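Observations on chain architecture
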Amino acid sequence: IMQSRSGHSMNVLSGTDSNDDGIAEDRPNVVGSPNITTSQTRAQEIAEFFNPAAFAKVPATGVPFGNAGRDVLLGPNSVTWNATATKDFPLPGREGMRLQLRTEFFNLFNQVNFSDPNATLSSTGFGKITGSAAARMLQFGLKLYF
């Protein structure tokens, strides 16, 4: 099974409560393009997935919201290949019984699929990717059929 996804929609949050509603999830102001248009190495992409300078400090206290819309960013794409291999062995002297050996591979080609970058403006890691999905995993099983 091959699964390919475009990035998740992401909201950029200011990390402060400028509208005094008790929830620090207000949006900042957009002052430029968050998209990086030049080619990046993997290390550059991890360090700066989007342009953090495109977002300005939060609006003044009492101003309800910044002008950043919902879901203004897309996170990293992901591709995963999963596979299963099985082999049935008849059991000698046991008519109708067989043993199945099963091997399952998750993320077969060990593709690195990055997590979404930090999208909270007040964070020191704003714009950085700090994690990834699971690496390759193998699972083995035996099943006895009667």
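The structure we're discussing is the one just above.
Cut-offs and rules
Residues numbered from 1 in each chain as written. Predicted model: local features only at pLDDT ≥ 70, side-chain atom pairs only at ≥ 80, totals over all residues. Heavy atoms only, no water. Phe/Tyr/Trp six-rings, centres within 6.5 Å; stacked < 30°, edge-to-face > 60°. Buried < 20%, exposed > 50% of the residue type's maximum accessible area, 1.4 Å probe, protein only. Helix = DSSP H or I, 4+ residues; strand = E, 2+ residues; numbered from the N terminus. Lys NZ or Arg CZ within 6 Å of the ring centre and 35° of its normal. Pairing = 2+ DSSP bridges. Axes fitted to C-alpha atoms, helices over the stretch in contact; angles between N-to-C directions.

Thoughts on the packing of aromatic side chains
Enumeration according to the criterion identifies four aromatic pairs in this entry. A centroid spacing of 6.0 Å and a plane angle of 90 degrees characterise the contact between Phe 50 and Phe 55, whose relative ring orientation is edge-to-face. Overall, Phe 50 belongs to the buried group, its relative accessible area being 3%. What makes Phe 55 buried here is its relative accessible area of 6%. Taken together, a centroid distance of 6.0 Å and an interplanar angle of 80 degrees make the contact between Phe 55 and Phe 126 edge-to-face. Here Phe 55 is found in strand S4 (residues 55-56), whereas its partner Phe 126 is found in the loop between strand S8 (98-106) and strand S9 (137-145), with 71 residues between them in sequence. Both residues of the pair, Phe 55 and Phe 126, count as buried. Aromatic rings pair up to connect Phe 50, Phe 55 and Phe 126 into one cluster. Lys 87 extends its terminal NZ or CZ atom over the ring of Phe 89, reaching a point 5.8 Å from the ring centre.

A look at the sheet that holds strand S7 (residues 83-90)
Two strands in a sheet stick together by hydrogen bonds in their backbones, pointing the same way (parallel) or opposite ways (antiparallel). In spatial order, the strands read S7-S8-S9; together these three strands make up an open sheet with antiparallel pairing. Edge positions in the open sheet fall to S7 and S9, since each of these has one partner strand only. Going across the sheet, the axis of each strand differs from the next one's by a mean of 15 degrees, ignoring polarity.

Quick notes on the environment of Ile 129
Mapped onto the secondary structure, Ile 129 falls in the loop between S8 and S9. Taking relative accessible area as the criterion, Ile 129 reaches 6% and is therefore assigned buried. Along the primary structure Ile 129 and Met 2 are separated by 127 residues, whereas in three dimensions their C-alpha atoms are 24 Å apart.

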